[in-house]
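A closer look at the structure
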Amino acid sequence: MTAKKKQVESRSPSPSLGEYVYQQLLKEIREGKYHPGERIRESVVSKDLEVSRTPVREAIRRLQSEGKLILEPQRGAVVAELDSQEVAELYVLRQQLEGVAARFAAQHASSSEVASMEYILEECYKAADDPREHNQLNWELHHAIYRAAHNRFLLKAFAALSDSMALLRGVKYIPEGRPQKLYEEHKRIIEAIKQQDPDAADQAAQAHIKNAFQMHLQSDFERRSAKS
């Protein structure tokens, strides 16, 4: 047993180890290590976190009960994907929330917050050939806009939706050519925030989410058609 494992297990009885694994897996889903439709292997998690498989199974059962994981025959635990109705409902809500966040950011963002958005955008552009990295940076940019809105209740709404929004992500939902369009759409949002134009920021953010929804529907349709 390694020193790291001894330290964790010495201060944490089995139920706490299960909580520890649960929090780690939830964090990795949120941060894009695991995308919708991807398998989570007990053996890999056990090795990475240096715990036995018992707390890993406990964490997987908990995530399954919350709808974040599903169990598939011959595959085991897989990150869940939202159904078409859930996707539609979430995008409708996101469109409004993202518009409000951009509007508030145009009113309250500091120069350093705008600079941070611009930096993330350029990093996102550089990662265009790495869909997983691009996806994560895209997520970070949206989070930066919410933080720049300086509204605690808006941040709480973002946090409440973060798990569901994580189930929207995935490399298969970034069609060819989309990274360039994403860059242009994000640039318009940031420029409106920089110019302190709430109306333009709101409109650009809502248009961006509307386009993202259309891309998601197109990618999902093409993927399902290919299977049939």
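Check the entry above for the structure.
I will try to describe carefully the structure that is included in this document. Being a predicted model, the structure only gives us computed values, none of them experimental. For every chain, the first residue of the written sequence is number 1, and numbering continues from 1 onward in sequence order. Thresholds applied to this predicted model are a pLDDT of at least 70 for local features of residues and 80 or more for the giving and counting of side-chain atom pairs; totals over whole chains, interfaces and linings are not thresholded and use all residues. Hydrogens and water molecules were not included; the side-chain quantities draw on all heavy atoms of the structure.

What follows is about the overall build of the protein chain. Counting from the N terminus, the helices are the DSSP runs of H or I reaching at least four residues and the strands are the DSSP runs of E reaching at least two. Within the protein chain, the regular secondary structure consists of 10 helices and two strands. If you list the helices and strands of the protein chain from N to C, you get α-α-α-α-β-β-α-α-α-α-α-α. In the protein chain, which comprises 228 residues, the share counted as buried stands at 45%. Considering only contacts within the protein chain whose residues lie at least 6 apart along the sequence, 76% involve residues at least 24 apart. For accessible areas, the Shrake-Rupley method is used with a probe of radius 1.4 Å. Any residue's cover is judged against the shown protein chains and nothing else. Summing over all exposed atoms, the protein chain offers an accessible surface of approximately 12,300 Å²; the carbon and sulfur share of this is 50%. Throughout, exposure labels follow a simple rule: accessible area from a 1.4 Å probe, protein chains only, divided by the maximum for the residue type, with under 20% read as buried, over 50% as exposed, and the rest as partly exposed. We call two residues in contact when some of their heavy atoms are within 4.5 Å.

A few words now on the packing of helix α5 (residues 84–108) against helix α7 (residues 131–148). Helices that pack against each other are described as a pair by the angle of their axes relative to one another and the distance between those axes. The convention used is that axes are lines fitted to C-alpha atoms, helices contributing only their stretch in contact, and that angles between N-to-C directions extend from 0 to 180 degrees. Taken N-terminus to C-terminus, the directions of α5 and α7 make an angle of 55 degrees; their axes are 7 Å apart at the nearest point. Considered as vectors, α5 and α7 are oriented oblique to each other. You can see that α5 and α7 cross each other, and the crossing is left-handed. Along its contact with α5, which presents R94, L97, E98, A101, A102, F104, A105 and H108, the element α7 presents H142, I145, Y146 and A148. Of the residues assigned to the contact of α5 with α7, the class counts are eight nonpolar, two polar and two charged. Under this scheme an angle from 65 to 115 degrees is roughly perpendicular, one under 35 degrees roughly parallel, and one over 145 degrees roughly antiparallel; angles in between are oblique. Take the far helix as your reference; a near helix turned counterclockwise from it by less than a right angle gives a left-handed crossing, and one turned clockwise gives a right-handed crossing. Amino acid classes used here: Ala, Val, Leu, Ile, Met, Phe, Trp, Tyr, Cys and Pro are nonpolar; Asp, Glu, Lys and Arg are charged; the rest, including Gly, are polar.

All buried positions along helix α3 (residues 42–49) are accounted for by V45, S46 and L49. Buried residues along α3 cover an arc of 100 degrees about the axis, so they all sit on one side. Following α3 by one or two positions, E50 has its phi on the positive side, about 55 degrees. Directions are taken from the helix axis to each C-beta atom, and the arc is the one they span.

Running from N to C, helix α6 (residues 111–126) and α7 point in directions that differ by 170 degrees, and their axes come no closer than 9 Å. When the axis of α6 is compared with that of α7, the two are roughly antiparallel. The two elements α6 and α7 meet at a crossing, and its hand is left-handed. From α6, E113, M117, I120, L121, E123 and C124 reach across to α7, where they touch H134, L137, N138, E140, L141, A144, I145, R147 and A148. Considering only residue class, the contact of α6 with α7 consists of nine nonpolar, two polar and four charged.

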